[in-house]
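Observations on chain architecture
So the chains spell out like this:
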Amino acid sequence: MKAGVIVEPAVAAPRAVTPPFDRRSVVSLFSRLRKPGGQCNPLPLYAELRSMGNIIPAPWGGQLLTSFELCDQVLRNKAWLVPDGDWRARQGAGTRWTAASSREMSKTLPGLNPPHHTKVRRSAGNMFDRKSLESIKVMVEQATDNLLDRLSRALRNGGEADFSALVSEELPVMAIGGWLGIPPGDFALLREFTHDQVFAQELLPSASQLALSDAATAGLREYFMALVARRRETPGDDPVSGWIRTWDALEPDPEAADEAVYFLALFVVLAALETTSNLLSTMVWLLSEHPLQMEWLRSHPQHVAGAVEEVLRYDSPTHVVSRVAGDDLTLAGVPVAKDEMVHLMVGAANHDPAQHTDPDIFDIRRKATHLSFSGGIHYCLGAPLARLEATTLLTGLLRRIPHLRVSREPEWAPRVAFRRLTALHVVES
Ligand code: HEM
């Protein structure tokens, strides 16, 4: 057996792709996934995708993985790499992988492979360990209280409010911005940049989306390089100043050290905003859709953390994670050539009936397992912060606005990899 080849689990015989493979049905499925109906409820489409097999050729090249077990295996196996700078350069000029925004992303943590990844991840430190989280908790509780004050005022006398704009878009930037010591006056700018930058990380971005992402990336570089310069001049007791001290010890060239700190600060902000905003809105939407569970939670607040995990499983903010083969490999009996990309359809895998009983039933009492924060060496560094924000907000909502309900059909941006609820109108009933 060749080194690095994935060992088949002894019990599960590889499920072959349903022959003859119908490329057009996959194309049609992804097009329906982007439409309002597919955004509102992608689950029937994911069931259709899973019925085609656990590994399916992607119409644009590479493979789509739909089962929880295969996705989990790939995330944990070192033979599978992230598409790093060298891989992107090998795709040739003029492809999405060589756009300025994509090249910039390849220098951030999720674009690095070992040993570089190991060094950079260590340099970031354990950002949200128990002790750091304790001090952040106070700030998150304060921010949540202020936002709920605003929401209560807006809902007074039968008023309607957009929960997404008023709360979900605000809390993550207040939390990460407060932690990094970013002036609140800059929050709106960072949020706007982030919304555009994410296109470089989408499944199949268009040329115009990539242009938006390139412009946002340039703006973010300017912003964070200036922040690093300010902290170098006036160091403080904040994460950016801490990373400067770490990188000065690792890197003799101060410019290279600043660049490394810039990439850490940039990615932490990019990773923290849309994903968490979406989790907060989805949480309110799903609970509003399941009023009996919302009511049960009001009398069982000790299950708030479990409810957040079920929201993460049921509709993860990230539905696709990608890897490339580091060698010629075999996956579930299918040969995958070196450099070929596999798309882990996490949104579908989280509903795999082989992993979960009645996967399409939203049940906050289940012990939800999910791949929403990825797995293996790239496991999300910010998961404790995202969980803290969601549990704090849900606890505050149950206490202060217990009868919140969604008053109109929510709106989503037509995305596949990064879910984005753009509007979620609520009233108090
Ligand atoms: C609900 C909210 C969030 C979700 C769903 C999420 C999801 C993810 C996923 C799927 C990955 C791995 C991508 C891959 O394997 O290729 C990841 C990585 C990462 N996330 Fe998160 N994230 C969230 C919030 C946050 C927050 C709040 C922060 C920072 C404060 C953060 C920081 C990071 C970092 C630094 C990585 C890179 C880890 C590495 O490559 O070693 N994330 N996140």
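Residues numbered from 1 in each chain as written. Predicted model: local features only at pLDDT ≥ 70, side-chain atom pairs only at ≥ 80, totals over all residues. Heavy atoms only, no water.

Turning next to the coordination of the iron atom of the ligand. No other protein atom reaches the iron atom of the ligand as a donor apart from Cys380 (SG), found 2.3 Å away. Inspection of the secondary structure assignment puts cysteine 380 in the loop between helix H17 (346–349) and helix H18 (383–400). (Donors = N, O, S within 2.8 Å, 3.2 Å for Na, K, Ca; no water. Helix = DSSP H or I, 4+ residues; strand = E, 2+ residues; numbered from the N terminus.)

Bringing the pairing of strand S12 (residues 425–428) into the picture now. Examined bridge by bridge, strand S4 (residues 161–162) and S12 share 2 bridges and lie antiparallel to one another. The residue bridging aspartate 162 from the neighbouring strand is histidine 425, located in S12. Two elements, strand S9 (residues 404–406) and S12, share 3 bridges in a ladder whose sense is antiparallel. When the sheet's bridge partners are listed, arginine 405 is paired in S12 with valine 427. (Pairing = 2+ DSSP bridges.)

Scanning the entire structure with this criterion turns up 19 salt bridges. Of the charged contacts in the structure, one is a salt bridge between glutamate 48 and arginine 32, with a shortest N-O distance of 2.9 Å. Of this pair, glutamate 48 sits in helix H3 (residues 43–51) while arginine 32 sits in helix H1 (residues 23–34), placing them 16 residues apart in sequence. The class of arginine 32 is partly exposed, set by a relative accessible area of 32%. Measuring nitrogen to oxygen at the nearest pair gives 3.5 Å for the salt bridge that ties arginine 400 to aspartate 145. A residue pair is termed long-range when its members are at least 10 positions apart, and arginine 400 in helix H18 and aspartate 145 in helix H8 (residues 130–155) qualify at 255 residues. (Salt bridge = Lys/Arg side-chain N within 4 Å of Asp/Glu carboxyl O. Buried < 20%, exposed > 50% of the residue type's maximum accessible area, 1.4 Å probe, protein only.)

The subject of this paragraph is the site of the ligand. Close to the ligand lie 27 residues, the nearest being His117, Arg121, Arg323, Ser374 and Cys380. Proline 110 places a main-chain nitrogen or oxygen 3.4 Å from an oxygen atom of the ligand. A distance of 2.7 Å separates an oxygen atom of the ligand from a polar side-chain atom of histidine 117. If you tally residues by element for the shell around the ligand, the top one is helix H14 (residues 254–289), at 7 residues. Of the residues belonging to the shell around the ligand, the class tally is 17 nonpolar, 8 polar and 2 charged. (Near = heavy atom within 4 Å. Polar contact = N/O pair within 3.5 Å; in protein donor to acceptor, adjacent residues only side chain to side chain. Nonpolar A, V, L, I, M, F, W, Y, C, P; charged D, E, K, R; others polar.)

The subject of this paragraph is the pairing of strand S5 (residues 321–325). The element S5 is extensively covered by neighbouring structure, given that 5 of its 5 residues are classed as buried. Judged by which residues are buried, S5 turns out to be covered on both faces: Val321, Arg323 and Ala325 on one side and Ser322 and Val324 on the other are all buried. Relative to strand S8 (residues 341–344), S5 runs antiparallel, the two being bridged by 4 bridges. Its bridge partner being in S8, valine 324 is matched across the sheet by methionine 341.

By secondary structure assignment, the location of histidine 378 is in the loop between H17 and H18. Within the local environment of histidine 378, its side chain forms a polar contact with the backbone oxygen of leucine 112, the two atoms lying 3.5 Å apart. There is a polar contact of 3.3 Å between the side chain of histidine 378 and the side chain of histidine 117. Not counting residues up to four positions away in its chain, the partners in contact with histidine 378 are Val82, Leu109, Pro110, Leu112, His117, Arg121 and Arg323. (Contact = heavy atoms within 4.5 Å.)

The geometry of an aromatic ring pair is captured by two quantities: the separation of the ring centres and the angle between the planes. Taken as a whole and judged by the stated rule, the model has 9 aromatic pairs. Note on tyrosine 262 and phenylalanine 263: the rings are 4.6 Å apart at their centroids and 50° apart in plane angle, and the pair reads as tilted. With 6.2 Å between their ring centres and 65° between their planes, phenylalanine 373 and tyrosine 379 make a pair best called edge-to-face. The class for phenylalanine 373 is buried, based on a relative accessible area of 11%. In this structure tyrosine 379 comes out as partly exposed when scored by relative accessible area, which is 31%. Members of the aromatic cluster, each reached through a chain of ring pairs, are Phe128, Trp179 and Trp243. In this structure, arginine 96 is placed above the aromatic ring of tryptophan 97, and the distance from its NZ or CZ to the ring centre is 4.1 Å. When the ring centre of tryptophan 296 is taken as origin, the NZ or CZ atom of arginine 365, which lies over that ring, is 4.7 Å away. (Phe/Tyr/Trp six-rings, centres within 6.5 Å; stacked < 30°, edge-to-face > 60°. Lys NZ or Arg CZ within 6 Å of the ring centre and 35° of its normal.)

Right, let's get into the sheet that holds strand S3 (residues 80–81). Ordered by their spatial adjacency, 5 strands build an open sheet running S1-S2-S8-S5-S3, and the pairing between neighbours is mixed. On the outer flanks of this sheet lie strand S1 (55–57) and S3, each paired with one strand and no other. Across the sheet, helix H4 (residues 68–76) lies against S1, strand S2 (63–65), S3, S5 and S8, angled at about 125° from S8, the strand it touches most. (Axes fitted to C-alpha atoms, helices over the stretch in contact; angles between N-to-C directions.)

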